Amino acid sequence: TYGHKQGDIILKEAAQLMNQRLRKIDSLCRYGGDEFTIILPETNLEGAQQKSLSLQEQVKTSRFTNLIDRKKTFHLSISAGVASISDDITTPEELLLKADKMLYRAKKKIRVNPDVYRN
């Protein structure tokens, strides 16, 4: 809708915002398109879920640059899929597949009920 340059700026700003809220041992990586993956070593599933909710709130309350009208900013929301190494998830590939599956589940919930993450 707003063009590639606008999209690139928002992706950079969102990445910067999230990266500032991670530990030095964490890794934020662009996975593809508008998707990122965050690797949280020494973090259990519950801790990862809490970090996800915290990042969602940070992004939701932040304002992002609007190239067309600098006085108006963009508001964003993010969906997250969280997964952890377990007995049935033992390889990096399996971990990414599970996180991806959970991401699409989260996106579907938001489409069905946009108030799911607004409480």
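About the criteria used
- Counting from 1, residues in each chain are numbered in the order their sequence is written.
- Local features in a predicted model are, by the rule used here, given only for residues with pLDDT of at least 70; side-chain atom pairs are given and counted only at 80 or more, and totals for whole chains, interfaces and linings are based on all residues.
- The side-chain figures draw on all heavy atoms in the structure; neither hydrogens nor water molecules are used.
- Note that patches include only residues with greater than 30% relative accessible area and no salt bridge, and the join distances are 9 Å for like charges and 5 Å for nonpolar side chains (Val, Leu, Ile, Met, Phe, Trp, Tyr).
- In short, Shrake-Rupley with a 1.4 Å probe defines the accessible areas, and a residue's cover is counted only from the protein chains shown.
- In what follows, salt bridge is the name for a side-chain nitrogen of Lys or Arg lying within 4 Å of a carboxyl oxygen of Asp or Glu.
- Charged-residue counts in this description rest on Lys and Arg as positive and Asp and Glu as negative, His and the chain ends being excluded.
- Working definition for charges: the position is that of NZ of Lys, CZ of Arg, CG of Asp or CD of Glu.
- Helix and strand definitions follow DSSP, with helices as H or I runs of at least four residues and strands as E runs of at least two, each counted in order from the N terminus.
- One bridge is not enough; two strands pair if DSSP finds at least two bridges between them.
- Partly exposed describes any residue whose relative accessible area lies between the buried limit of under 20% and the exposed limit of over 50%, with all areas from a 1.4 Å probe on protein chains only and scaled to the type maximum.
- Each pair of aromatic rings taken from Phe, Tyr and Trp, with Trp reduced to its six-membered ring, is defined by centres within 6.5 Å and is described as stacked if the planes are under 30 degrees apart, edge-to-face if over 60, and tilted in the remaining cases.
- A helix is expected to span 1.5 Å for every residue after the first.
- The reported arc concerns the directions from the helix axis to the C-beta atoms and nothing else.
- Only heavy atoms matter for contacts: two residues are in contact if any of them lie within 4.5 Å across the pair.
- Any pair of nitrogen or oxygen atoms within 3.5 Å is treated as a polar contact; in protein, a donor-acceptor pairing is required on top of that, and neighbouring residues in sequence qualify only through side-chain atoms on both sides.

Trainee: Explain a negative patch on the surface to me, please; I cannot follow it from the model alone.
Mentor: On the surface, a cluster of negative charge is made up of D87, D88, E93 and E94. Along the polypeptide, E94 turns up in helix α3 (residues 92-112).

Trainee: Looking at this model, I keep getting lost on the pairing of strand β1 (residues 27-32). Mind explaining?
Mentor: The two faces of a sheet get side chains in turn, since along a regular strand they alternate between them. Across five bridges, the pairing between β1 and strand β2 (residues 35-39) is antiparallel. What sits directly across from G32, in β2, is E35.

Trainee: How should a positive patch on the surface be read in this particular structure?
Mentor: On the surface, K98, K101, R105 and K109 cluster together into a positively charged patch. Classification of K101 by relative accessible area gives exposed; the value is 51%.

Trainee: Is there a simple way to think about the pattern of salt bridges in this case?
Mentor: Two side chains with opposite charge may pair up if their charged atoms get near one another. Inspection of the entire model under this criterion finds two salt bridges. Residue R23 pairs with D26 through a salt bridge whose shortest N-O separation is 2.6 Å. You can call R23 partly exposed: its relative accessible area is 38%. Measuring nitrogen to oxygen at the nearest pair gives 3.4 Å for the salt bridge that ties E35 to K107.

Trainee: Any chance you could explain the packing of aromatic side chains here in plain terms?
Mentor: Centre distance and the angle of the planes are the two values used to describe a pair of aromatic rings. Under the definition given, this model contains one aromatic pair. Here the aromatic rings of Y2 and F74 are separated by 4.8 Å at their centres, their planes lie at 70 degrees, and the arrangement is edge-to-face. Of this pair, Y2 sits in the segment before α1 (4-20) while F74 sits in the loop between α2 (45-61) and α3, placing them 72 residues apart in sequence.

Trainee: Would you take a moment to explain α2 for this structure?
Mentor: In an α-helix, one full turn covers 3.6 residues, which means residues spaced three or four apart are oriented alike. Between its first and last C-alpha, α2 extends 24 Å over 17 residues, near the 24 Å set by a 1.5 Å rise per residue. When α2 is considered as a whole, its buried residues turn out to be A48, S52, L55, Q56 and V59. All buried residues of α2 fall inside an arc of 105 degrees around its axis, so they share one side. On the buried face of α2, the contacting elements are α1 and β2. The N-terminus of α2 is capped by N44, whose side-chain oxygen sits 3.3 Å from the backbone nitrogen of E46.

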